[in-house]
Structures are given as C-alpha cells and as structure tokens.
Protein chains: 2
Amino acid sequence: MLEKTTRMNYLYDFYQSLLTPKQRSYMSLYYLDDYSLGEIAEEYEVSRQAVYDNIKRTEAMLEEYEEKLLLFQKFQERKKLIKKLREIAARNQFQDEEFLKTIEALEKLE
Amino acid sequence: MLEKTTRMNYLYDFYQSLLTPKQRSYMSLYYLDDYSLGEIAEEYEVSRQAVYDNIKRTEAMLEEYEEKLLLFQKFQERKKLIKKLREIAARNQFQDEEFLKTIEALEKLE
C-alpha cells in the first residue's frame, strides 16, 4: 500500500497538469494530505462513493499516461545514471566545482 | 517555416502517443514524409480542407501538451547541460570510459 501511495504521488506529480481541477483536488487531498474518502466527501458535499469513483478513474488515467509517456520510468532511469556519474567522478577524485554544479542542475530539471 | 517544421517534428515525437491513429497518420505524412495536404487528402479520400483542419487542430493540441508538460523544453535544457558536462570533463582531461558511456546512456534516454 505504501508502495502504491508513493507511485501515485510520483505519477500525480508528473501528470497533474493533464487532470481537471476536481481531479487534482481529490487526488491531492487523498494522496498528499492523507485525507480519508469520507473527509473529502464531507468537504465537497458529495457521496463517499462519488469521491472513490473519481479517484479510481484518475488513478487509471495516470497509469495510462505513464504507459504512453513513461515520464516516471525515465525519471528513475535518469536518476540512476546521474548517481552513477557522481560516483564515477568521486571514485576518480574528479570534483571540479562547475562539473558538480552542472550535475545538480541536471537533477533539478525533473 | 523550417523552424516551425522542426518544432512540430519534436513535439510530434514527444507527444504522438497521446494522439489518435488518424492524427498520427496525417501528422507523420505531412511533417515527416513531406506530403502535401492534397496528397494526404487523395490518399485518405477526404477533402483537402478536412486534412488541413485536422492537422491545425493536432498542432494546437501538441502545443497545449507542451505548455502543460514541457517535455521539449526540458529536453533542450537537459541537452545543453549534458553537453556542458562533456566539455568540462574534456577540458579537465577526465575521459574515464565508464563515465563517457554513462553520459551517452543519459543522452539516449530522451
């Protein structure tokens, strides 16, 4: 379950711009702020079932976007490679300041 | 015009998985294979205007996706940073083989 939450957090992060405002609200309350379905339902004055259905649909949409665009997968692969670059540089005592700053900039681009 | 073609080629590359099969066919004939609107119309037995409208709508969709996801923009920024990493390494005579291979893998991830 924790693993699913982490994955959804990432997918939400990558694809939230493609969701509707309502989908964004529900997802961010549920996954980022840890609200229960009942609490979200109360907040928006809708049924718990309606919130549940909306969140399930949104999760499926996020997985579909990931299947098509692979942003999360590529992010993870890039992260590994950048870590490796750092390690190789460190192992070889190559610690040029501009180099390390550029690596950092690359990491922040995600 | 050449600039627009290049941009559309890139946007198409990044977001084609989000388009319908028909949109993909028209765009790839027009932008990658350099067909004219008339030739595409003939191929699909539709009016030239229909092809034109479809391509215009698809172009707008691609720009909208780019506005939301910035994949092309980030790709360009990453490319610059990777080039810089290579230059810094070369300038410092740091040419470790594993390092260069990892940089290459990073480039290919796009």
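- As recorded in an unreviewed UniProt entry, chain A goes by UPF0122 protein HNQ85_001047 and comes from [Anoxybacillus] calidus.
- Regarding chain A, the relevant UniProt record gives this comment under Sequence similarities (unreviewed entry): "Belongs to the UPF0122 family."
- The heading Function (unreviewed entry) in the UniProt record of chain A holds the text "Might take part in the signal recognition particle (SRP) pathway. This is inferred from the conservation of its genetic proximity to ftsY/ffh. May be a regulatory protein."

**Let's talk about the overall build of chain A**
Inference 1: Looking only at helices and strands, chain A has 6 helices and 0 strands in total.
Inference 2: If you list the helices and strands of chain A from N to C, you get α-α-α-α-α-α.
Inference 3: Relative to its length of 110 residues, chain A is extended, with a C-alpha radius of gyration of 19 Å against a globular reference of 13 Å.
Inference 4: Buried residues in chain A amount to 36% of all 110 residues.
Inference 5: Within chain A, counting contacts between residues at least 6 apart in sequence, those at least 24 apart form 56% of the total.
Inference 6: For chain A, the accessible surface area stands at approximately 6,700 Å², while carbon and sulfur atoms represent 48% of it.

**Some points on the relation of the copies chain B and chain A**
Inference 1: Laying chain B over chain A is done by rotating through 180° and shifting 0.0 Å along the axis; what remains is an RMSD of 0.0 Å. These values place the two chain copies in the arrangement generated by a two-fold rotation axis. The C-alpha atom lying nearest the rotation axis in chain B is that of B:Phe94; the distance is 3.7 Å.
Inference 2: Looking at chain B, 100% of its interface residues are interface residues in chain A too, so the copies touch through the same face.

**Here we look at the domain arrangement of chain A**
Interfaces are often sized by the accessible area lost when the parts come together.
Inference 1: What the domain assignment reports for chain A is domain 1 (2-69) and domain 2 (73-109).
Inference 2: Distance from the C-alpha centre of domain 1 of chain A to the C-alpha centre of domain 2 of chain A: 32 Å.

**A few points about the packing of aromatic side chains**
Inference 1: Inspection of the entire model under this criterion finds 22 aromatic pairs over all chains.
Inference 2: For the ring pair A:Phe94 and B:Phe94, a centre distance of 4.4 Å and an interplane angle of 15° mean the geometry is stacked. You can see A:Phe94 sitting in the loop between α5 (71-91) and α6 (97-108) and its partner B:Phe94 sitting in the loop between α5 (71-91) and α6 (97-108), one on each of two chains. Neither residue differs from the other here; A:Phe94 and B:Phe94 are each classed as buried.
Inference 3: Pairing B:Tyr30 with B:Tyr31 gives two aromatic rings, centres 5.0 Å apart and planes at 85°, and the pair type is edge-to-face.
Inference 4: The class for B:Tyr30 is partly exposed, based on a relative accessible area of 23%.
Inference 5: Using a relative accessible area of 8% as the deciding quantity, one classes B:Tyr31 as buried.
Inference 6: Three or more aromatic residues joined by ring pairs make a cluster, and in this case those are A:Tyr10, A:Phe14, A:Tyr15, A:Tyr65, A:Phe72 and A:Phe75.

Parameters and conventions
Residues numbered from 1 in each chain as written. Chains lettered and ligands numbered in written order. Predicted model: local features only at pLDDT ≥ 70, side-chain atom pairs only at ≥ 80, totals over all residues. Heavy atoms only, no water. UniProt positions renumbered as here; feature names shortened; annotations may be inferred. Helix = DSSP H or I, 4+ residues; strand = E, 2+ residues; numbered from the N terminus. Rg over C-alpha atoms; globule rule 2.2 N^0.38 Å. Buried < 20%, exposed > 50% of the residue type's maximum accessible area, 1.4 Å probe, protein only. Contact = heavy atoms within 4.5 Å. Areas by Shrake-Rupley, 256 points an atom, 1.4 Å probe, with all protein chains shown as cover. Least-squares fit on C-alpha atoms with pLDDT ≥ 70 in both. Domains from an automatic or database assignment. Phe/Tyr/Trp six-rings, centres within 6.5 Å; stacked < 30°, edge-to-face > 60°.

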